[in-house]
Number of protein chains: 2
Amino acid sequence: MSDWIEKPIKGVLLDITGVLYESGEGLGTVIPGSVEAIARLKECGVPVRLVTNETCATREAVVDKLQHHGYNVTVEQIFSPVPAVLSVLKERKLIPHLLVHPAVENEFKSLLSSRENRGTPTCVVMGDADEGFSFVNMNDAFLALMAMDKPVLFSLGKGKYYKHKGQLQLDVGSFAAALEFACDIQAEVVGKPSPQFFGAALADMGITADQAVMVGDDIVSDVGGAQKCGIRGVLVRTGKYTPKCENHPTVKPNFIADNLANAVDLIVSCLKQI
Amino acid sequence: MSDWIEKPIKGVLLDITGVLYESGEGLGTVIPGSVEAIARLKECGVPVRLVTNETCATREAVVDKLQHHGYNVTVEQIFSPVPAVLSVLKERKLIPHLLVHPAVENEFKSLLSSRENRGTPTCVVMGDADEGFSFVNMNDAFLALMAMDKPVLFSLGKGKYYKHKGQLQLDVGSFAAALEFACDIQAEVVGKPSPQFFGAALADMGITADQAVMVGDDIVSDVGGAQKCGIRGVLVRTGKYTPKCENHPTVKPNFIADNLANAVDLIVSCLKQI
């Protein structure tokens, strides 16, 4: 057994899309063995948190989708950028100009309901707005930033692109790059690979980084991001994985598994030995 | 007299918007004294070329607008990115996927009329598409780049934003930054501040860089771009000029003039002395 698994594992972080199901028309298709793998971790008493950069759906909608595929998971297990940025906005008393998917706009409603939070925006929050990345919406976000003394831009994730209904599609990180260039600023990333984001899921399980394993299909955001925090990173050969990922110039996964079932086999075998 | 003007001046390069007229509703408004200033250069036998990053109008349409304002200029005097990129495409036998303003699409017609040039695109050409920077158009350009063995992206200028009808508006450079980030590439800039672009206008006048003066309202693209080529750069206090430009961290104009008339006064006085 390779040495990466010698240290005890007290909790597992999982990406959702490409690890639990493959995206596609409608609800996509479940990845064989993944439902049983999560059930097995539960049986073994290993806590699981799902860390996702999904910003086109609420956590409730994500849970509905997962339950449809047979997963036994709750909203509390899901860590996604929208609740994370809401905490940041409240803490720093910022009023957001939103460039987000209509499906998550409502999540910001409570924040914007108080009178003082309906004033002039003091930051821009952009998620994966999909077709909402129109010229007019991009320009409005740009104008909001330019009107600020010190422009603050939150990017919910920093992905370049992803696979949607079998075709590549530009992700929020690319549109954030446009506003970063226009305003000479750096976006604050909320979501993977931000260390704060991984940290919140670890804190919720009450464990430290070196006690956790992250399993994902994104070599940079999932595996590289986790490793930068001291979390072991496992790459799966499902989802957006391509053989090129195995020779990434800077990120070397601690382990490459065929799929989540394969990764959990190894994790569980390790639990028994220790 | 400052030493920048001691070397002979054999030709003058002028930006158009913000130097010859102020943009605004309709055709904008002429800048007082600029029509007479260009006429004066002609009387003195100093050749003039207009170097513009305008990609929302053909050169013919630009000349019409200038003639409406009282300028005596011809299409041959105008150097703009569309004819420049057409030369590059022909030379390198590239087939473009276009993300440009509808007003200049026709300019590419002759290039795309031959059978071999209607094949799979081998480059993307993006100009200021204005509202054409929709999500779908951006994604189509991204997919065209991703389908190429070695993606080639031409950005017609690299401006962050400009003033349009009294309001700031995102320029082509910002949208190019999104595709550069998405595809991990660097766009080739055709237009100011590219040295090739300034070089073509100099070659047309048959003069060298140190014999020319560039007058513009953009501290980076006009003044800084010209200076990088060895051309003297004059900033005017019209157009998009703001007092902040006078303290730019890296670009120091050879001279700052209140307007084109003021700049030409100095140029003409220098001609008389030599």
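- Under the annotation held in an unreviewed UniProt entry, chain A carries the name Phospholysine phosphohistidine inorganic pyrophosphate phosphatase and is attributed to Meganyctiphanes norvegica.
- In its Cofactor (unreviewed entry) section, the UniProt record describing chain A reads: "Mg(2+)".

### Observations concerning the sheet that holds strand β13 (residues 232-236) of chain B
Residue and element names in this part refer to chain B.
- Strand order in the open sheet made by the 6 strands is β5-β4-β1-β12-β13-β14, with parallel pairing throughout. Only two strands of the sheet have a single neighbouring strand rather than two, namely β5 (78-79) and β14 (255-257).
- Here strand β1 (residues 11-14) pairs with strand β12 (residues 212-216) via 4 bridges, running parallel. If you follow L13 over to β12, its bridge partner there is M214.
- Where helix α9 (residues 219-228) meets the sheet, its contacts fall on β12 and β13, and the angle it forms with β13 comes to roughly 160°.

### Focus on the environment of L41 of chain B
Residues and elements named next belong to chain B.
- Looking at the element boundaries, L41 is found in helix α1 (residues 34-43).
- Along the sequence, L41 and D265 sit 224 residues apart, while their C-alpha atoms lie 9.6 Å from each other.
- What L41 contacts, discounting residues up to four positions off in sequence, is V12, V46, V48, V264 and I267.

### Section: the side chain of S155 of chain B
Residues and elements named next belong to chain B.
- Position of S155 among the secondary structure elements: in strand β8 (residues 153-155).
- A distance of 2.7 Å separates a polar side-chain atom of S155 from the backbone oxygen of G157.
- With sequence-adjacent residues up to four places away left out, S155 is seen in contact with M126, V172, A176, A187, E188, V189 and V190.

### Considering unusual backbone geometry
- The amide bond that connects K192 of chain A to the next residue, P193 of chain A, takes the cis arrangement and shows omega of 5°.
- Summarising the element assignment, P193 of chain A is placed in the loop between β11 (188-189) and α8 (195-205).
- Unlike most non-glycine residues, K93 of chain B shows phi in positive territory, near 50°.
- Tracing the backbone shows K93 of chain B in the loop between α3 (81-91) and β6 (96-99).

### A closer look at the relation of the copies chain A and chain B
- Once chain A has been moved 0.0 Å along the axis and rotated by 180°, it coincides with chain B to within an RMSD of 0.0 Å. Here the transformation between the copies is reduced to the relation of a two-fold axis.

### Focus: the pattern of salt bridges
Residues and elements named next belong to chain A.
- In the structure shown here, the tally under the stated rule is 22 salt bridges over all chains.
- Of the charged contacts in the structure, one is a salt bridge between E188 and R92, with a shortest N-O distance of 2.9 Å. Linking E188 in strand β11 with R92 in helix α3 (residues 81-92), this pair joins segments that are 96 residues apart in sequence.
- You can call E188 partly exposed: its relative accessible area is 31%.
- A salt bridge links E246 to R237; the nearest nitrogen and oxygen atoms lie 2.7 Å apart.
- Since its relative accessible area comes to 28%, E246 is described here as partly exposed.
- Connected via shared salt-bridge partners are D15, K192 and D222.

The rules behind these values
- Every chain is numbered on its own, with residues counted from 1 as its sequence reads.
- Each chain takes a letter, starting from A, and each ligand takes a number, starting from 1, following the order in which they are written.
- Restriction of local features to residues with pLDDT of at least 70 applies here, the model being predicted, together with a cutoff of 80 or more for giving and counting side-chain atom pairs; totals for whole chains, interfaces and linings are based on all residues.
- Neither water nor hydrogens contribute to the side-chain values; these are computed over all heavy atoms in the structure.
- UniProt positions are given in the numbering used here, feature names are shortened, and annotations may be inferred rather than shown by experiment.
- In this scheme, strands are said to pair when DSSP sees at least two bridges between them.
- Secondary structure elements follow DSSP: runs of H or I of four or more residues count as helices, runs of E of two or more count as strands, with numbering from the N terminus.
- Working rule for contacts: check all heavy atoms of both residues, and any pair within 4.5 Å makes them a contact.
- Orientation is described by axes fitted as lines to C-alpha atoms, over the contacting stretch for helices, and by angles from 0 to 180 degrees between their N-to-C directions.
- Whenever a nitrogen or oxygen atom comes within 3.5 Å of another N or O atom, the pair is scored as a polar contact, on the condition that within protein one atom can donate a hydrogen and the other can accept it, and that pairs from neighbouring residues in sequence are kept only if both atoms are in side chains.
- Only residues with pLDDT of at least 70 in both copies count here: their C-alpha atoms drive the least-squares fit that superposes the copies.
- One speaks of a salt bridge when a side-chain nitrogen belonging to Lys or Arg is within 4 Å of a carboxyl oxygen belonging to Asp or Glu.
- The classification of residues rests on relative accessible area computed with a 1.4 Å probe and restricted to protein chains. Under 20% of the type maximum is buried, over 50% is exposed, and intermediate values are partly exposed.

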